[in-house]
Amino acid sequence: QVQLVESGGGLVQPGGSLRLSCVASGTIFTLYGMGWYRQIPGKQRELVASMTNGGHTNYGDFVKGRFTVSRDNEKNMVYLQMNSLKPEDTAVYYCNGLIRAWEDATPHDYWGQGTQVTVSS
C-alpha cells in the first residue's frame, strides 16, 4: 500500500507564509508527478501546484507567483511554499501523487488526508 501524509498547515495572518510538506511511503515502485490541490467549502477541488519527476511545474492561475512547489525525489517528498497568503487561500490542502505501487501494473492517483490552512487576522 501507498500512503501520503501532509504536514505544515495551520493559522496564519494575511500576508504571511506557510510551508506544507508531504511524504509518500509504502510499496512505491515508481513515483511520477506530485503536487498539491485544495478544496474550499462549497467548491470543487482545484490544482494548486504540481511537479513532474523531471522537474516540470504547473500552477493554478490564482497562484500568481506567490507559491512555489518543490520536490526531494530521494525522500519521496513534495513541498509547497506559500507566501503572501490571502484569506481566500483558506482551504483544505491535499497532497497528490501519481504512483505505481509494486502490486499494481499501472500507476494510480493517491491522496493525503488533507491539512487545513486558515488565513485570517
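Placed above this text is the structure.
All of these numbers come straight from a predicted model, not from anything done at the bench.

(A) Quick look at unusual backbone geometry. For asparagine 76, which is not glycine, the phi torsion reads 55 degrees and is therefore positive. Along the chain, asparagine 76 turns up in the loop between β7 (67–72) and β8 (77–82). Classification of asparagine 76 by relative accessible area gives partly exposed; the value is 24%. A positive phi angle is found at serine 84, which is not glycine, with a value near 50 degrees. Of note, serine 84 is situated in the loop between β8 and β9 (91–101). Residue serine 84 is classed as partly exposed on the basis of its relative accessible area of 40%.

(B) Broad picture of the environment of glycine 42. Relative to the helices and strands, glycine 42 resides in the loop between β4 (28–39) and β5 (46–51). Classification of glycine 42 as exposed rests on a relative accessible area of 87%. When the C-alpha atoms of glycine 42 and serine 84 are compared, they prove to be 24 Å apart, with 42 residues separating the residues in sequence.

(C) Spotlight on the packing of aromatic side chains. One pass over the full model with this rule turns up 2 aromatic pairs. An angle of 80 degrees between the planes, with centres 4.5 Å apart, marks the rings of phenylalanine 29 and tryptophan 102 as edge-to-face. Of the two residues, phenylalanine 29 is situated in strand β4 and tryptophan 102 in the loop between β9 and β10 (108–111); the sequence distance between them amounts to 73 residues. The class for tryptophan 102 is exposed, based on a relative accessible area of 56%.

What counts, and where the lines are drawn
Residues numbered from 1 in each chain as written. Predicted model: local features only at pLDDT ≥ 70, side-chain atom pairs only at ≥ 80, totals over all residues. Heavy atoms only, no water. Helix = DSSP H or I, 4+ residues; strand = E, 2+ residues; numbered from the N terminus. Buried < 20%, exposed > 50% of the residue type's maximum accessible area, 1.4 Å probe, protein only. Phe/Tyr/Trp six-rings, centres within 6.5 Å; stacked < 30°, edge-to-face > 60°.

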